[in-house]
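# Observations on chain architecture
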Amino acid sequence: MASEPVKNFNQEMEFFVDMQRCIGCRACEAACAECETNGEEPMIHVNYVDRAHSVQTTVQVCMHCEDPACANVCPADAIAKDSNGVVHSANTSLCIGCSNCVMACPFGVPKKMEAAELMMKCNLCYDRTSIGKKPMCATVCPSGALYFGPREEIQKKRPHSTPVNTFKFGNQTVNTKVYVMMPNGSTELRVH
Amino acid sequence: MFRIFYSLNRKALINATIAMLLAIALVYVGSRDLQNFDAALIAYLFGTIFAVFGIMYRYSVWLQRPPTRLYWRRTWKFVFSKRFFPYLGFVIQQFVKNIMFQRFIYPRGRSRWWGHFLLATGCMLAFMVTIPLTFGWIHFTLQPGTLDIYEAHVFGFHVAEFELGGFIAFNAFHILNWCSLLVIVGAVLMMRRRIKNGGLIATQTFQDDWMPLILLQAISVTGLGLTFDYSFMQGKTFEFMSVTHAITVILFLVWIPFGKFFHIFQRPAQLGTNVYRKEGARLGMAVCPHTGHEFATQLHVNDLKKVTKELDFNFDLEGGGSHLDYSPEGKRAALAKAQFAAREQQGQFFG
Amino acid sequence: MPGKGLSAYELVEAIHRGEIKGLLSICFNPIVSLPNNNMVREALEKLEYYVAIDFFLNDTARHADVVLAGALHEEEEGTGTTAEGRVVKINPVVTPPGDARTDASIIIELAHRLGAGDKFPYKKSEDIFNELRVASKGGTADYFGITYEKIVKNYGVFWPCPSLDHPGTPRLWEDRKFATADGKAHFNPAPYRPPSEPTDKDYPVVLTTGRVVSQYLSGTQTRRIGRLVDPYPEPLLEIHPSLAQQYGIKDREIVKVKTRRGEAEFPAQVVTTIRKDTVFIPYHWAGPKSANQLTIGTLDPISKMPEFKVCACQLIPTGVQAPPSSESKAYQSA
Ligand code: HEM
Ligand code: SF4
Ligand code: SF4
C-alpha cells in the first residue's frame, strides 16, 4: 500500500512514560504545539484524573500500538503504521472525520478537529524522531513523566521500575511501542 | 495488519466486471452504436474503462472492511427509511459545502483550501466535459449548408447550436484550457506547501504525495500546450504535446484506483458520517461513567462495540459494560488510576 | 546606591494618604495584584499624574494619564539574574512593534526631557550594567567582576564576583564565612503571629488566594494567550464538600463571597483537596472576577508581604448554576 519516507529512525531510543510523575505543568503541551507535523495544535493530553478528589494529573501520548485499534476501525483507511512501528496521524485526504478512531483508541488519544473534519494525533514527532531526535514533549518534561532515550539509561535511573508495554482492558490485551513505567516485577498493566 | 484483501477478491472482481461492461454498453448506446464515437480518443477510452474497472474493484474491497461496511449499510438503510426526508436539505447543503467547495479544508489553512479548491474544481469540470466526449455521448457537427454554425449532440440528439467564433463557442472549445489553468494554479499552491512545511517534508513520499501533483501539472501543461501549439506555433510541437498529454492522462486514469486520487470517490462517505452523527444525536447521547458528560452518540458507541468485535477486539469488562463506554478522557483517567494504584501498592512512586 | 524606599503596597497607601502625587510605573498592575484593590483604585484616582509603561495595556494602565508602550524582554538587551545567582545575558530576538520602544530608552528620554539627562548618559545597555557593577562593588551580591564579555564567554557568571579575574561563585558560602557580623549562619525563628483578621460569626470562613498553573501573575500576558486561557478560563471558588453541604452549595453554583472590603461572585468547584474551613480563589483576573477585591492589606512587618493567604469571608449561595466557562471573560477588565 502506502510507501513511506526513508529515514534514520533510531530504534535504540524508546519512549517511557510514568504518568503518576506528571505535575500538570503542561510544558509538554506547549512543546507539542511546536511540532511541525501538527501545525500549532498540541496533540498530547494533560488532564486531571479526578479533580473532585485529587490534584493528580495524567499525561497521554499515542502508545503506537502493535495492532492499532484506531487504524482497524477507520472506515477510510486513513491511519497507517510504518515499518518503524509509528502509527501516523490521519491521511488528510482520506480521513472523513467519523471519529471512530477517537472513540475506539483504548488510550483516548486521537483528537477530532471539528471544523476541519479531520482527525489528528500524536505521531511521535515524526519530523524529529525520524532523524534521530527526541520528541518535543520528552525534551521539556521537568518531572520525568515523559522520557525518551536508551533503555539502559532509564533502567539505571529508575532501578525500582520496569517498563511495561502490555495493557489489559477487560478482555482485550494491547501491546504497544511506548512503555509505561511500573513496579519491578510487573509484566502488564491491567486498566480495568 | 489492515485485514485488507491483497489477494484477488471475488466479489470485487464481479462488481468491477459488471461496472466495466456497463460502461462499455453505455458507450455503445450513448454513441449510437459507435457512429458518433471519435476514434482519435480510443486510447483515452481504454484508460477510462480500465479506471472504471479499477475504481469499482477497489471500492468493493473497501466496502468489505467491517467499519466501512457498517457505515455503508447504515447510510443506505437510512436513506430508504422515512426518517430520511427531513435530512434531504441537510444532505444537499453538505454536498455543496463539503464536496463541491470542500469548505472543511479552509480551517486547515487558507492557501491549502485555495490550492485544493482550484485543482479539484478544474479537474471535476474537465471530467464533466471529457468523459462524455470520450464515450461519444457528446459530439459536434457543422450545420448542413452553413460554414459557421455548430450543432451539439448529446446521445445523438441535437440539443443546441452556436455560431463559430461566438462567445459560447469560444468557451465551449476552451473550457479545458480554463480547467488546466485552475489545476496549474492549485497544484502550484499545493506544491509550495510541500516544499515549505516541515511537517509535510518529514512525512511525504514521492510516490504518494508528489506524483499526483506532478501528474496534474503535466496533464494541464501539455493540455494547454496543445492549444498554444495550434494557435501560435502552427502545430510544430503538436505530435509531442498530444502524445505526452495522452500518456499523462491515461496514467492518471489508470492510477486512480491505486493512489491518492481514489479519495475523490471515497469523500462522499463524509456526508454519510455527518448524517449519522446528526441522526445519532437525535436518538440520544452516551454519557461517560467517569466524567459524567456526554461525549458521543449512543448509536456510535454501540456500533463501535460491534465493529471492534468483528475486528477481533474485545473491550468487554468482566463486571459488564465495556472500555468503550468511557470517553477518551475517561479512558486516560482509568489508565492513570490503574498505574497510580500499582505504584501505590508497591509503596515506591519514584525510582 | 539610592536608599531604601517604600515597598509596593506602602507606596499605594502613601498615595491614598495624599503623600505621593505622581507615579511612573513599569509593568505594574496593582489593581489585579495587590490586596484590597478597591482601596488601590481609590489611590490611583487620587494621583495627580500617572504614567504607565507596559508592553500590553494592563488593567491598571486604564487609570493612567499617559501610557507608554514598552518592550518585552525578547525585545530588549540586558541581563537577568536567575534564582541560583547566575547573571545571564538577554539578547533581543525581535524588535518592538509599531511605536513601542525599549523601557530603558523611554526612561532615558524622559530624563532628558525633564532636564536630568546628565544623570542618564547611557549609550547602550552595557553602560547601565557597568554602573551596577560599580554600585554593587564590595556588597554581598558583588557584580564588579562580571562583564558582558565574561557573561557571554562563560554562559553566565555567578555573583559574588569581586574582581575581573574572579571566576564567580557558583555555590555560596563554601568557605563557611557568612555575610553576618560574626561570620556564622543564623537561623531566624519567626514567632507565630495570628492573622490580622481572624474568622468570627459574621465572617466565618477563611479565604485564601493563590495561582493556577496556566496563568502568570496579574495575567497581563497570559490572559491574552488562548491556549493558556482554555485550561482555566475564569476563577473558581474551591470549596470542600462538607463546607459546601453546610451552605447547600452545588458544583458550579455561583457563590457570592463577601469580606469587609468587597464582594464578588464565583462558580463553586467542590473538591476534597482543600481544608474544610477554607475556600480558595486564584487571583489572576481583573474587574468583577478579581479575588483581590476581597483580600486584606495587612503587611508582614519584616518582609512587607501582604496577607494574601488569609482573611475572613462570608459565603452566600445564589442558587444559580454558572454557565459553561467563557473564555472571553478572561480578557474582561474593570
Ligand atoms: C477531481 C477532483 C480532485 C482532485 C484532482 C483532487 C486532488 C487532490 C490532491 C492532489 C490532493 C493532495 C494535495 C497535497 O496535499 O499535496 C488532495 C487532497 C485532498 N482532497 Fe482532493 N481532489 C479532488 C477532489 C476532491 C473532493 C471533491 C474532495 C472533498 C470532498 C477532496 C478532498 C480532499 C482533501 C480533504 C484533501 C486533503 C487536503 C489537505 O488537508 O491538505 N478532493 N486532493
Ligand atoms: S494508542 Fe490509540 S491512537 Fe495510538 S496507535 Fe494505539 S489505538 Fe492508535
Ligand atoms: S476520524 Fe478519520 S482517521 Fe479517524 S476513523 Fe474516522 S476517517 Fe479514520
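Notes on the structure follow.

Turning our eyes to something else, we now look at the overall build of chain A. What chain A contains, in helices and strands, is six helices and nine strands. Computed over the C-alpha atoms, the radius of gyration of chain A is 16 Å, within 12% of the 16 Å expected from 2.2 N^0.38 for a compact globule of 192 residues. The principal-axis extents of the C-alpha atoms in chain A amount to approximately 45 × 40 × 35 Å. A total of 192 residues make up chain A; the buried ones form 67% of that total. Nonlocal contacts in chain A, meaning residues at least 24 apart in sequence, comprise 56% of its contacts between residues at least 6 apart. Carbon and sulfur atoms make up 50% of the accessible area of chain A, which totals about 6,800 Å².

This part is about the site of ligand 2. Taken together, 14 residues are adjacent to ligand 2, and Cys62(A), Cys65(A), Cys70(A), Cys105(A) and Lys121(A) come closest. Among the residues making up the shell around ligand 2, the classes are represented as 12 nonpolar, one polar and one charged.

Let us now look at the interface of chain C and chain A. Counting from both sides, the interface comprises nine residues of chain C and, opposite them, 13 residues of chain A. When chain C packs against chain A, close to 770 Å² is buried across both sides, 50% of that on carbon and sulfur atoms. Put simply, chain C and chain A have one salt bridge between them. Arg51(A) is the partner of Glu238(C) in a salt bridge, and the nearest nitrogen-oxygen pair spans 3.2 Å. Along the contact surface separating chain C from chain A lie five residue pairs in polar contact (both at pLDDT 80 or more). Grouping the constituent residues of the side of chain C that touches chain A by class yields four nonpolar, three polar and two charged.

Residues and elements named next belong to chain B. The protein atoms that coordinate the iron atom of ligand 1 are His-116 (NE2) and His-263 (NE2), at distances of 1.9 to 2.0 Å. Classification of the site at the iron atom of ligand 1 as octahedral follows from its six donor atoms and the range of 82 to 180 degrees in their angles at the metal. One end of the pair, His-116, is in helix H5 (residues 110-134); the other, His-263, is in helix H10 (residues 263-266), and 147 residues separate them in sequence. In this pair, the class of His-116 matches that of His-263, namely buried.

On to a nonpolar patch on the surface, then. A surface patch of nonpolar side chains, about 660 Å² in accessible area, is lined by Phe85(B), Leu88(B), Ile92(B), Phe95(B), Val96(B), Met100(B) and Phe101(B). Assignment of secondary structure puts Phe85(B) in the loop between helix H3 (66-79) and helix H4 (88-100).

This paragraph deals with the interface of chain B and chain A. Counting residues at the interface gives 72 residues for chain B and 77 residues for chain A. In total, about 6,300 Å² of surface goes out of reach between chain B and chain A, with carbon and sulfur atoms giving 57% of it. When residues of chain B are sorted by the area they lose upon contact with chain A, Arg332(B), Leu335(B) and Gln339(B) head the list and together hold 11% of the total. The interface formed by chain B and chain A includes three salt bridges. The salt bridge partner of Glu114(A) is Arg277(B), with a shortest N-O separation of 3.3 Å. Residue contributions to the side of chain B that touches chain A peak at 15 residues, all from helix H13 (residues 328-346) of chain B. Its residues placed into classes, the side of chain B that touches chain A shows 33 nonpolar, 23 polar and 16 charged.

Let us now look at the sheet that holds strand S2 (residues 49-54) of chain C. All names here are of chain C. Spatially, three strands are ordered S1-S2-S3 in an open sheet, and the strand pairing comes out parallel. Edge positions in the sheet fall to strand S1 (22-26) and strand S3 (66-69), since each of these pairs with one other strand and no more. Between one strand axis and the next, the sheet turns through 10 degrees on average, direction left out of account. In this sheet, S3 lies alongside S2 in parallel orientation, the contact comprising four bridges. By the bridge assignment, Ile-53 is partnered in S3 with Leu-68. Strand contacts of helix H4 (residues 103-113): S1, S2 and S3, with the helix running at about 155 degrees to S1, the strand carrying the most contacts.

Residue and element names in this part refer to chain C. Taken as a whole and judged by the stated rule, the model has 36 salt bridges over all chains. Residue Asp-118 pairs with Lys-119 through a salt bridge whose shortest N-O separation is 3.9 Å. For Asp-118, a relative accessible area of 60% gives the class exposed. Among the ionic contacts, a cluster of salt bridges with common partners joins Glu-197, Asp-200, Arg-260 and Arg-261.

A few words now on the site of ligand 1. The immediate surroundings of ligand 1 are formed by 24 residues, with Arg108(B), Arg112(B), His116(B), Arg194(B) and His263(B) found nearest. Around ligand 1, the neighbouring residues derive from chains A and B rather than from a single chain. A distance of 2.6 Å is found between an oxygen atom of ligand 1 and a side-chain nitrogen or oxygen belonging to Arg112(B). Arg194(B) places a side-chain nitrogen or oxygen 2.8 Å from an oxygen atom of ligand 1. Those elements that place two or more of their residues in the shell around ligand 1 are H4, H5, helix H6 (167-196) and H10 of chain B. By residue number, the principal contributor to the shell around ligand 1 is H5(B), which donates seven residues. The class makeup of the residues in the shell around ligand 1 is 12 nonpolar, six polar and six charged.

Conventions and cut-offs
As a convention, each chain's residues are numbered from 1 in the sequence order in which they are written. Chain labels run from A onward and ligand labels from 1 onward, assigned in the order the entries are written. Local features are withheld for residues below a pLDDT of 70 in this predicted model, meaning they are given only at 70 or higher, and side-chain atom pairs are given and counted only at 80 or more; totals for whole chains, interfaces and linings count all residues. Here the side-chain values reflect all heavy atoms present in the structure, with hydrogen atoms and water set aside. Labels follow the DSSP assignment, with helices taken as runs of H or I lasting at least four residues and strands as runs of E lasting at least two, numbered in each case from the N terminus. Radius of gyration: C-alpha atoms only; globule rule: 2.2 Å multiplied by the number of residues to the exponent 0.38. The buried label applies to any residue whose accessible area, calculated with a 1.4 Å probe on protein chains only, is under 20% of its type's maximum; exposed applies above 50%, and partly exposed to all values in between. In this analysis, two residues are considered to be in contact whenever any of their non-hydrogen atoms come within 4.5 Å of each other. Using a 1.4 Å probe, the Shrake-Rupley method yields the accessible areas, and only the shown protein chains count as cover for residues. The near set for a molecule or strand comprises every residue that places at least one heavy atom within 4 Å of it. Each residue is assigned to one class: nonpolar for Ala, Val, Leu, Ile, Met, Phe, Trp, Tyr, Cys and Pro, charged for Asp, Glu, Lys and Arg, and polar for all the others, Gly among them. Note: buried area is the sum, over both parts, of the accessible area (probe 1.4 Å) each one loses when the two are combined. We define a salt bridge as a contact between a side-chain nitrogen of Lys or Arg and a carboxyl oxygen of Asp or Glu at a distance within 4 Å. For the purposes of these results, a polar contact is taken to be a pair of N or O atoms within 3.5 Å, where, inside protein, one atom must be able to donate a hydrogen and its partner to accept one; residues adjacent in sequence count only when each atom of the pair is a side-chain atom. In this description, a donor is an N, O or S atom within 2.8 Å of the metal centre, a cutoff extended to 3.2 Å for sodium, potassium and calcium. Water is not part of the atom list, which can make sites seem incomplete. Here the metal geometry follows the donor angles, with tetrahedral for four donors whose angles all fall between 85 and 135 degrees, square planar for four and octahedral for six when opposite donors are more than 155 degrees apart and every other angle is between 65 and 115, and irregular for all the rest. Like charges within 9 Å and nonpolar side chains (Val, Leu, Ile, Met, Phe, Trp, Tyr) within 5 Å are joined into patches, using only residues over 30% in relative accessible area that form no salt bridge. Being paired, for any two strands, means DSSP has found at least two bridges between them. Lines fitted to C-alpha atoms define the axes here, with helix axes fitted over just the stretch in contact, and angles between the N-to-C directions of these axes take values from 0 to 180 degrees.

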